[in-house]
Amino acid sequence: MGGAAGTVWTIGHWTCPPDMVLATLESAQIDLVVDVRKMPGSRRSPQFDADEMPSWLSAAEIGYLHLSDLGGRRPKQRDIDQRINSGWHNTSFKNYADYTLTEDFERGLARLSGLAADQHVAIMCGEPMPWRCHRLLIANTLTARGWTVVHLMNGAAAMAHALGQWGAEPQVSDDVVTYPEVRLGPTT
């Protein structure tokens, strides 16, 4: 995946004012925000548009990069066996889990890991709760590959990520994370 495993942070901006997000980023000494929204804009919070963020992040000496290969809201992957990630019952999480098995995702993850090997990087999306965002699946893959992932929470304590702590039960084989349906056997 390129670069030695280290730490990657995640953050969701929601409707927070920029100064609250900056304080949260600065608490972890973040050097670069990697935007993993599919469409880097927000009608509700225009301060988080890709055209606005770089200026106020730059004023705080934090870089900005939109990394579309890790963006969410993925369509159904027709070339992926639909049973592989059937443990996800939420369509958007299942579709993203299928997307994590593609070359495009691997390319995005390689770019992210290369950046994170040399600086403090936070991946950012709009959803404030990491268990309700595709950042969860990115975090699971990173964790399975030896990275430490920390979820930054605006106005609250940061949380260390643990593989499988939220959502479908992951299985890891050769650094690939899948989420098959868990079938319970008969109880006696």
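Residues numbered from 1 in each chain as written. Predicted model: local features only at pLDDT ≥ 70, side-chain atom pairs only at ≥ 80, totals over all residues. Heavy atoms only, no water.

Draft legend 1. Quick look at the overall build of the protein. On a plain count of helices and strands, the protein comes out with 5 helices and 8 strands. Relative to the compact-globule value of 16 Å for 188 residues, the protein shows a C-alpha radius of gyration of 17 Å, a close match. Principal axes of the C-alpha set define a box for the protein whose edges measure 60 × 35 × 35 Å. Counting only residues that meet the buried cut, the protein has 48% of its 188 residues in that class. (Helix = DSSP H or I, 4+ residues; strand = E, 2+ residues; numbered from the N terminus. Rg over C-alpha atoms; globule rule 2.2 N^0.38 Å. Buried < 20%, exposed > 50% of the residue type's maximum accessible area, 1.4 Å probe, protein only.)

Draft legend 2. Layout of the environment of serine 45. Assignment of secondary structure puts serine 45 in the loop between β2 (32–35) and α2 (53–59). Sequence spacing of serine 45 and cysteine 16 is 29 residues, and the spatial spacing of their C-alpha atoms is 8.0 Å. In contact with serine 45, other than residues within four places in its own chain, are Trp14 and Thr15. (Contact = heavy atoms within 4.5 Å.)

Draft legend 3. Structural view of the pairing of strand β3 (residues 63–66). As paired elements, β2 and β3 share 4 bridges and run parallel to each other. From the neighbouring strand, leucine 32 faces β3, where its bridge partner is glycine 63. Handedness of the crossover joining β2 and β3 through α2: right-handed. (Pairing = 2+ DSSP bridges. Right-handed = clockwise from strand over helix to strand, strands pointing away.)

Draft legend 4. Main features of the sheet that holds strand β1 (residues 7–12). Within the open sheet, the 6 strands sit side by side as β3-β2-β4-β1-β5-β6. Their pairing is mixed. What marks the edges here is a single partner per strand, and that holds for β3 and β6 (156–160). For this sheet, the mean angle separating the axes of adjacent strands, direction not counted, is 25°. Judged from the 3 bridges that link them, strand β5 (residues 148–153) and β6 form a sheet pairing that is antiparallel. Of the residues in β6, the one forming a bridge with histidine 151 is methionine 159. (Axes fitted to C-alpha atoms, helices over the stretch in contact; angles between N-to-C directions.)

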